[in-house]
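Chain by chain, the residues:
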Amino acid sequence: NALADVVVGYMGAPLSSDGNMDTSYQTLTIRNKRGKEMVDAAIQSGRVNLHGEAKGSGSFDKFALSTVEADSIVMEMVGKQPPESGMPRFVGNIIASILTRLGPKGTNFARYSIDYHLLRNYLHVLNVWGERRAETSLPQYAKDIVDEYLDSSESFRQLREDILEQKRP
């Protein structure tokens, strides 16, 4: 995806009124001049219609960080024992309902999802390959996001340090 001129997807796009993804809008991310030319050609030929800019609301960074901290894979990486069983389904449904109302929406939900997966994968690479390989393997856009969390979050810095500590002899 990092090399794509245009990316098409559902992440962050509003659902249609009937909730069916087949008739819902899709997001279109134009990444460069060539992508813009491709989209302009598709619009002129009548193959694509644009319906405004995708929008988002709600904080995504705190949700991404708390999801990373609670992730069972990350917990194992830092030497913690993840819970053996999840919460009861009805409690999970209540929490999901609350998070749906209070959590990030639209493009900010997409940012939450991207940040969460990127941070968790960074910690995994750090855990498996070590610090030097993690630093050289990350594309710049991923480094920028990881650095934002390392600069702003003591708990993310601590997760990183705990993983590196486990790697030291």
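Here the structure is shown first, and the text comes after it.
Criteria and cut-off values
Residues numbered from 1 in each chain as written. Predicted model: local features only at pLDDT ≥ 70, side-chain atom pairs only at ≥ 80, totals over all residues. Heavy atoms only, no water. Helix = DSSP H or I, 4+ residues; strand = E, 2+ residues; numbered from the N terminus. Expected span 1.5 Å × (residues − 1). Buried < 20%, exposed > 50% of the residue type's maximum accessible area, 1.4 Å probe, protein only. Arc of directions from axis to C-beta. Contact = heavy atoms within 4.5 Å. Core = buried A, V, L, I, M, F, W, Y, C linked by side-chain atoms within 4.5 Å. Axes fitted to C-alpha atoms, helices over the stretch in contact; angles between N-to-C directions. Parallel < 35°, antiparallel > 145°, perpendicular 65-115°, else oblique. Left-handed = near helix turned anticlockwise from the far one by under 90°.

**Student:** For this particular structure, what's the right way to read helix α8 (residues 154–167)?
**Tutor:** Working note: α-helix, 3.6 residues per turn, so residues spaced by three or four point in the same direction. Here α8 contains 14 residues, and its C-alpha end-to-end distance of 20 Å stays within 8% of the 20 Å for a straight helix at 1.5 Å per residue. By the burial criterion, the buried members of α8 are F156, L159, R160, I163 and L164. Take α8 and look down its axis: the buried residues cluster within an arc of 130 degrees, on one side only. Here the buried face of α8 lies against α2 (61–70), α3 (72–77), α5 (107–129), α6 (131–137) and α7 (140–152).

**Student:** Would you explain the nonpolar core in this entry?
**Tutor:** Across soluble globular proteins, you tend to see nonpolar side chains buried next to one another. Core analysis: the biggest nonpolar cluster contains 26 residues, and Y122, L123, V146, Y149 and F156 have the highest contact counts within it. Mapped by element, the contributors of at least two residues to this core are α2, α3, α5, α7 and α8. Once residues lying within four places of it in the same chain are set aside, the contact partners of L123 are V68, V74, M77, F156, L159, R160 and I163.

**Student:** Help me understand the packing of α5 against α8, please; the structure alone is not making it clear to me.
**Tutor:** Each packed pair of helices is defined by two parameters, the angle between the axes and the distance between the axes. The N-to-C vectors of α5 and α8 enclose an angle of 20 degrees; their axes lie 9 Å apart at closest approach. Overall, the two elements α5 and α8 adopt an arrangement that is roughly parallel. The way α5 lies across α8 gives a crossing that is right-handed. Only F156, L159, R160, I163, L164 and K167 of α8 make contact with α5, whose side of the interface consists of L119, Y122, L123, L126, N127 and V128.

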